[in-house]
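Structure at a glance
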Amino acid sequence: MQESKGLQRVLKYLWRAWRLQCPRCGTRSLYRRGLAMHERCRYCNLKFEREQGYFLGAMYLNYGFTVMIVLAGYFTLEILANVSLSLHLWLWTSISLLLPVLLYRHSRALWLCMDYCINPVDDANARAYEES
Ligand SMILES: [Zn+2]
């Protein structure tokens, strides 16, 4: 019973990260527009960047996702199709430059939700939002 509650909690945070929602209250308040992130949640006042360099871990996540996708794509294409080396270089260089930009928002949201899941900020507002 305890394990399923823990798993449900982790899945809830992963779902919120996927939907770019605040990890505490679940509202869509992470980003203003484009890549600009709000400093705090407009609803529960959770501070997103807890300290300077907080999102460095998100950069590692982003890099890891990019490398995994590029390697999986390269080997899949190599096995399934006879593609020239120059096409591989152009394709995977382009994708490895584009993917970090596309994954930027989700990697930050995932980092924030992972950190909140492991180390939730405990203040007066937190419990009220966690209950819901
Ligand atoms: Zn919030």
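Calculation rules
Within any chain, residue numbers begin from 1 and follow the written order of that chain's sequence. Side-chain atom pairs in this predicted model are given and counted only at pLDDT of 80 or more, local residue features only at pLDDT of at least 70, and totals for whole chains, interfaces and linings cover all residues. Each side-chain value is derived from all of the structure's non-hydrogen atoms; neither hydrogens nor water enter the calculation. Note on aromatic contacts: the rings of Phe and Tyr and the six-membered ring of Trp form a pair at centre separations within 6.5 Å, being stacked when their planes are under 30 degrees apart, edge-to-face when over 60 apart, and tilted otherwise. Here's how the labels work: a residue is buried when its accessible area is under 20% of the maximum for its type, exposed when over 50%, partly exposed in between, all with a 1.4 Å probe on protein chains only. Two conditions define a charge located above a ring, namely a distance within 6 Å from the ring centre to NZ of Lys or CZ of Arg, and an angle within 35 degrees of the ring normal.

As recorded in an unreviewed UniProt entry, the protein chain goes by the name DUF983 domain-containing protein, listed as coming from Entotheonella factor.

As a further point, take the packing of aromatic side chains. Throughout the structure, instances matching the rule amount to three aromatic pairs. Here the aromatic rings of Y54 and F55 are separated by 4.9 Å at their centres, their planes lie at 80°, and the arrangement is edge-to-face. The class for Y54 is buried, based on a relative accessible area of 8%. With centroids separated by 5.0 Å and ring planes inclined at 75°, the aromatic side chains of Y74 and F75 adopt a geometry described as edge-to-face. Look at Y74 and you get partly exposed, because its relative accessible area is 28%. Above the ring of Y13, the side-chain terminus of K12 is found at 5.2 Å from the ring centroid. Over the face of the ring belonging to F55 we find R108, whose NZ or CZ atom lies 4.2 Å from the ring centre.

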